[in-house]
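Summary of the model geometry
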Amino acid sequence: MDDDGPPVGFVVLSKLESGKSILNESLLRIFTSFCFLIFGLVFFIFFSKIISTLFLIPSFFMMIIFLIKYQRKKTIMKSIAVNLGHPWIEEEHDVDEADVAYRMLESWEILPRVGRIVKNLDGAGLLIDDKENERIFEISKTFIGATIFDGNNEKIELEVIKWLNLALAIRDAQNSVEDEIENARIREEDDGIDIERIWPKTNPGELNVKPGAIFRKLSKSKK
């Protein structure tokens, strides 16, 4: 396993088309704010200095904010990788089992097939419990500027947890891993626990549950 690159057969999220589009959107925001900044400078030199401040100050701060967000996204996108069997890979490959890898401080490591990522409350870093033992690992090295206004890496940690757990959940769905919630429901019935589930009232043709991003994308593609 190469310390610099992901494990063999894995693709970093930043190299996926969907990952590239996320980073490109952030770059577009930076470029747009930079254009407004240049426009403000030109207006400051040749026209009104007072009116130019309406462009200079907001565009400067927006560009800084977008730069920080871009560096954070790039840190996350370049520290998570999925193998060729993972559903996030656009092309089809002859790989049946999905896996997820994360770039630790020193090297890449394939995450266990069981467990979810949580914040390590007893110390620094993140924690994954695979039902046999707990494994602690540190957040990847961040890119320059990613930790501005986030000295303890809390925002980056939360985003890493979200991305990793989403990748792991999709991995488990691909690998047909049994749902722990369904197993708990079966245990309820076996134990004879009388639990009355209350469902909200629905009217025909009415959809109260808002669809997620995946469903919105699917609905747009059909138009």
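Residues numbered from 1 in each chain as written. Predicted model: local features only at pLDDT ≥ 70, side-chain atom pairs only at ≥ 80, totals over all residues. Heavy atoms only, no water.

1. Here's the deal with the overall build of the chain
For the chain, the count of helices and strands is 5 helices and 7 strands. Seen in sequence order, the chain has helices and strands lined up from the N terminus as β-α-α-β-β-β-β-β-β-α-α-α. Of all 223 residues assigned to the chain, the portion counted as buried reaches 32%. Looking at the chain alone, contacts between residues at least 24 apart form 60% of all its contacts between residues at least 6 apart. Here the chain displays about 15600 Å² of accessible surface, and carbon together with sulfur accounts for 60% of that area. (Helix = DSSP H or I, 4+ residues; strand = E, 2+ residues; numbered from the N terminus. Buried < 20%, exposed > 50% of the residue type's maximum accessible area, 1.4 Å probe, protein only. Contact = heavy atoms within 4.5 Å. Areas by Shrake-Rupley, 256 points an atom, 1.4 Å probe, with all protein chains shown as cover.)

2. Points about the confidence of the model for the chain
Of the residues in the chain, 76% have a pLDDT of 70 or more, and the chain-wide mean is 76. Per-element averaging of pLDDT across the chain places helix H5 (residues 213-222) at the bottom with 44 and strand S1 (residues 10-12) at the top with 93. This model gives residues 204-223 a pLDDT under 50, and the stretch forms 2 contacts once residues within four places in sequence are excluded. (pLDDT = per-residue confidence, 0-100.)

3. Brief notes about the pattern of salt bridges
Counting across every chain of the model gives 7 salt bridges. Across the pair Glu 97 and Arg 113 runs a salt bridge, and its minimum N-O distance is 3.3 Å. Taken together, the positions of Glu 97 in the loop between strand S2 (80-83) and strand S3 (100-103) and Arg 113 in the loop between strand S4 (108-110) and strand S5 (117-119) put the pair 16 residues apart, joining distant regions of the chain. Glu 97 gets classed as partly exposed once you look at its relative accessible area, which sits at 38%. (Salt bridge = Lys/Arg side-chain N within 4 Å of Asp/Glu carboxyl O.)

4. Notes on the nonpolar core
Within soluble globular proteins, side chains that are nonpolar tend to cluster in buried spots. Of all hydrophobic cores here, the largest spans 31 residues; its most connected members are Val 100, Tyr 102, Leu 111, Ile 117, Val 160 and Leu 164. Going through the elements one at a time, helix H1 (17-46), helix H2 (49-77), S2, S3, strand S6 (126-129) and helix H3 (154-174) are the ones with two or more residues in this core. In contact with Val 100, other than residues within four places in its own chain, are Phe 10, Ile 80, Ala 81, Val 82, His 86, Glu 109, Ile 110, Leu 111, Leu 164, Ala 167, Leu 168 and Arg 171. (Core = buried A, V, L, I, M, F, W, Y, C linked by side-chain atoms within 4.5 Å.)

5. Observations regarding the packing of H2 against H3
Their axes nearest at 10 Å, the elements H2 and H3 cross at an angle of 40°. When the axis of H2 is compared with that of H3, the two are oblique. Read as a crossing pair, H2 and H3 show a hand that is right-handed. Contact residues: H2 offers Arg 72, Ile 76 and Met 77, while H3 offers Lys 155, Ile 156, Glu 159, Val 160 and Trp 163. Tallied by class, residues from the contact of H2 with H3 come to 5 nonpolar, no polar and 3 charged. (Axes fitted to C-alpha atoms, helices over the stretch in contact; angles between N-to-C directions. Parallel < 35°, antiparallel > 145°, perpendicular 65-115°, else oblique. Left-handed = near helix turned anticlockwise from the far one by under 90°. Nonpolar A, V, L, I, M, F, W, Y, C, P; charged D, E, K, R; others polar.)

6. Remarks on a nonpolar patch on the surface
Together, Phe 34, Ile 38, Leu 41, Val 42, Phe 44, Ile 45, Phe 46 and Phe 47 line one region of the surface with nonpolar side chains, adding up to about 790 Å² of accessible area. Positionally, Val 42 belongs in helix H1. (Patch = residues over 30% accessible without salt bridge, like charges linked within 9 Å, V, L, I, M, F, W, Y side chains within 5 Å.)

7. As for the sheet that holds S2
If you walk across this open sheet you meet the 4 strands as S1-S2-S3-S4, and the pairing is antiparallel. Every interior strand has two partners, whereas the edge strands, S1 and S4, have only one. Direction aside, neighbouring strands of the sheet carry axes that sit 30° apart on average. Note that S1 and S2 share 3 bridges and pair antiparallel. Counted as the bridge partner of Val 11 is Val 82 from S2. (Pairing = 2+ DSSP bridges.)

8. Details of the environment of Lys 162
Topologically, Lys 162 is positioned in helix H3. Judged by relative accessible area, Lys 162 falls into the exposed class, the value being 54%. Counting along the chain gives 44 residues from Lys 162 to Val 118, while the straight-line C-alpha distance between them is 9.4 Å.

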